[in-house]
Amino acid sequence: MTRAATDTEAPMPVRRRSPAWAWGSLLVACAMATPILAVLVTAAAPGGEVWRHILATTLPEMLATSALLALLVAAMAGSAGAVTAWLVVACEFRGRRFLEVALLLPIAMPAYLCGYVYTWLLDVAGPVQSTLRAATGLSFGQYWFPEIRSLPGAALMLAMVLYPYVYMLCRAAFLQQSVCLIEASRTLGHGLARSFLHVALPLARPALAAGIALALMETLADFGTVQHFAVRSFTTGIYEAWFGMDNRPAAAQLAVALLGCVGLLLALEHISRGGRRFHPTTTRHPALRPVRLSGWREGMVLLACALPLVIGFVIPAGALLWLMVQAGDPFSPGRYLPYARNSLVLSGVTAVLAVLLAAGMAWAARLYPSPARSIANRVASLGYALPGSVIAVGVLVPFGLFDNALDSWLRARFGVSSGLLLSGTMAALVFAYLVRFLAVALSTVESGLARLKPSYTDAARVLGRRPGQAVREVEVPLARGALLTAGLLVFVDTMKELPATLIVRPFDLDTLAVRVYNMASDERLAEASTA
């Protein structure tokens, strides 16, 4: 005898089918992977004697140097970003409101330009050592002075301009944490330091990991800084093989090895999280009441917050300002308007597109999780680990093939020439930027979504909202800070990008970064200071 169904009987679970837009993440990943695929195809060709020479002589050194550089940058940038974020959130001291914003300023300073300034300041013939010799009467070699052109020096330059990635994401995470957990830690006898180490920092792990991952990928892809500091890393090897030895297969094989290292880092961090969740377990979210500091404690906190800002922005920006006043670029201010306009338009368009694509991919993986979407998101993030010049060549190869094939077909069928529709255009340049910086937006958005409680969306679904409506009406407003942060990061990174701009840009398009490179590469730092 069958049992009659009642109104209180639990319905059978229904598996939601993914809408068409949710599959867009796979298409985006395929598009972003096209330049990487071009590099992989190039790497499949035999590297010949050049690759065997690299494998036997310089590859172990490049591996060790890159690993040590990444370790130093992760330690310094992670510590500076997380500690300063906690101090401005949890402590009340003089200058706190100013430092909350000012600590973001080093992200606007290109690492290679920061390296130029510090080597000019601290080299043997620089103003610092010249003043020291004049004041003490000592000659060079009679006193000890740290060598700035070294691996620790390069790591310091990179860390002091990359720590804002960690600072921004960690500060947002600390502000959204439940104050109940911090108060419980304080009532159990933990001070601010122990509450930070044992409660706040573990809960902010997705933000911390995302910030350090961005800093590490930027470090592994950096060329200007390590080349100027004579540090042999993967990127210097790629440039030497590609442009110095004119051996693209060997350079591509090094780029593939670099991609493998980055992919391994991302996979290990993701696996180490396991099934742990990091969103708060309470709906109580009053603002954390900062602890008022005074005396020597206030001085120490103020010093800890000001030191990264001074090293990463105040000193290099002050030196550039002084050089601009003393000499500066001979161009009139009106000549800089096209440079500024081009930089702003390219950066703005790239930032908007990157945020839209990253948001769609992140929410598709959140609402309709599947291994395919997870892999697609990781594949779309790999471009950030490649040097800009390799990305540029990877973009130009398929675009050039398409332009040539279309031109040949039009000539054969209609007797007309289409010319170059994609290669050497602003569209190709924006695409190269997206391949390079989509990981910045995607990591930031995913970090923001990881802090949202699933119960918010569940409540909206219970009230009759469809998944898309729940996202639009509930989660998008809650993740607005993460979306704005992602756009800001992509905007600033695009403004600073140099190698991809030099290779892919149209012939009549110059940006501020191109002007800086043209002057600084000729050792005309005073003239480069204006741009």
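Bear in mind the structure is a predicted one, so any value in this text is a computation, not a measurement.

A. Here's a closer look at the overall build of the protein chain. On a plain count of helices and strands, the protein chain comes out with 23 helices and two strands. Relative to its 531 residues, the protein chain shows a buried fraction of 48%. Expressed as a percentage of contacts within the protein chain between residues at least 6 apart in sequence, the contacts between residues at least 24 apart total 82%.

B. Summary view of empty space enclosed by the protein. Summed over all chains, the structure comprises three cavities of 30 Å³ or more. What the second largest cavity holds in volume is close to 50 Å³. What lines the second largest cavity is Asn342, Ser343, Leu346, Ser347, Tyr433, Thr494, Met495, Glu497, Thr501, Thr511 and Ala513. Contributing elements (two or more residues each) for the lining of the second largest cavity: helix 14 (337-367) and helix 20 (480-496). Broken down by element, the residue count for the lining of the second largest cavity peaks at four residues, all from helix 14.

C. Representation of the layout of surface pockets in the model. Here the second largest pocket is characterised by a volume of approximately 800 Å³. Forming the boundary of the second largest pocket are 37 residues, of which Tyr112, Tyr116, Phe223, Gly224 and Leu498 lie nearest the centre. For the lining of the second largest pocket, the element with the most residues is helix 4 (residues 111-122), which contributes five residues. Looking at the lining of the second largest pocket, its residues break down into 20 nonpolar, seven polar and ten charged.

D. Quick peek at the confidence of the model for the protein chain. Mean pLDDT over the protein chain stands at 81; residues scoring 70 or higher make up 89%. Across the protein chain, the secondary-structure element scoring lowest on mean pLDDT is helix 7 (residues 179-187), at 68, and the one scoring highest is helix 3 (residues 96-102), at 92. The low-confidence segment residues 1-15 (pLDDT under 50) makes two contacts with residues lying over four places distant or belonging to another chain.

E. Seen up close, the pattern of salt bridges. For the coordinates displayed, the defined rule picks out 13 salt bridges. As a salt-bridge pair, arginine 149 and aspartate 123 come within 3.3 Å of each other at their nearest N and O atoms. Within this pair, whereas arginine 149 is found in the loop between helix 5 (127-136) and helix 6 (151-176), its partner aspartate 123 is found in the loop between helix 4 and helix 5, the two being separated by 26 residues in sequence. Put simply, Glu92, Arg96, Arg97, Glu100 and Arg171 are held in one network by salt bridges that share partners.

F. Broad picture of a nonpolar patch on the surface. Where nonpolar side chains cluster on the molecular surface, the patch consists of Val345, Val349, Val352, Leu353, Leu356 and Met426 and spans about 500 Å² of accessible area. Here the nonpolar patch takes five residues from helix 14, the largest share from any one element. By the element assignment, valine 349 lies in helix 14. The exposure class assigned to valine 349 is partly exposed, which follows from its relative accessible area of 40%.

G. Representation of the packing of aromatic side chains within the structure. Applying the stated criterion to the full structure yields six aromatic pairs. Ring centres 6.1 Å apart and planes at 70° place the aromatic pair tyrosine 112 and tyrosine 116 in the edge-to-face group. Here tyrosine 112 pairs with tyrosine 116, and both are found in helix 4, just four residues apart, close to one helical turn. Note on accessibility: tyrosine 112 and tyrosine 116 belong to one class, buried.

H. A look at the packing of helix 6 against helix 20. Contact geometry for helix 6 and helix 20: axes closest at 11 Å, N-to-C directions at 170°. Considering their axes alone, helix 6 and helix 20 lie roughly antiparallel with respect to each other. Side by side, helix 6 and helix 20 meet where Tyr165, Met168 and Leu169 of the first sit next to Thr485, Leu488, Leu489 and Asp493 of the second. The class makeup of the residues in the contact of helix 6 with helix 20 is five nonpolar, one polar and one charged.

I. Focus on the environment of aspartate 458. Mapped onto the fold, aspartate 458 is located in helix 18 (residues 454-462). Taking the C-alpha atoms as reference points, aspartate 458 and alanine 470, separated by twelve residues in sequence, lie 8.5 Å from one another.

About the criteria used
- Residue indices begin from 1 for each chain and proceed along its sequence in written order.
- Thresholds applied to this predicted model are a pLDDT of at least 70 for local features of residues and 80 or more for the giving and counting of side-chain atom pairs; totals over whole chains, interfaces and linings are not thresholded and use all residues.
- In computing side-chain values, all of the structure's heavy atoms are included and hydrogens and water are not.
- Strands are runs of DSSP state E lasting at least two residues, helices are runs of H or I lasting at least four, and both sets are numbered from the N terminus onward.
- When a residue's accessible area, from a 1.4 Å probe over protein chains only, is under 20% of the maximum for its type it is buried; when over 50% it is exposed; and in between it is partly exposed.
- Residues are treated as being in contact if the distance between any of their heavy atoms lies within 4.5 Å.
- Cavities and pockets were defined on a 1 Å grid built over protein atoms only: a cavity is a set of grid points that admits a 1.4 Å probe from which the probe cannot escape, a pocket is an open set flanked by protein on both sides within 12 Å along at least five of seven lines, and lining residues are those with an atom within 4 Å of any such point.
- Grid points are joined across faces, edges and corners, and a volume is the space filled by probe spheres set on the points.
- For this classification, Asp, Glu, Lys and Arg are treated as charged, while Ala, Val, Leu, Ile, Met, Phe, Trp, Tyr, Cys and Pro are nonpolar and the rest, including Gly, are polar.
- The score called pLDDT rates the predictor's confidence residue by residue, from a low of 0 to a high of 100.
- Salt bridge criterion: a side-chain nitrogen from Lys or Arg within 4 Å of a carboxyl oxygen from Asp or Glu.
- Only residues whose relative accessible area exceeds 30% and that form no salt bridge are eligible for patches; like-charged ones are grouped when within 9 Å, while nonpolar side chains (Val, Leu, Ile, Met, Phe, Trp, Tyr) are grouped when within 5 Å.
- Surface accessibility in these figures is a Shrake-Rupley result with a 1.4 Å probe; residues are shielded only by whichever protein chains are displayed.
- Two rings belonging to Phe, Tyr or Trp (six-membered ring only in the last case) form a pair when the distance between their centres is within 6.5 Å. Interplanar angles under 30 degrees mark stacking, angles over 60 mark edge-to-face geometry, and anything in between is tilted.
- Convention adopted: a line fitted to C-alpha atoms gives each axis, helices being fitted over their contacting stretch, and angles between N-to-C directions are expressed from 0 to 180 degrees.
- Every angle not falling under 35 degrees, over 145, or within 65 to 115 is termed oblique; those three ranges are roughly parallel, roughly antiparallel and roughly perpendicular.

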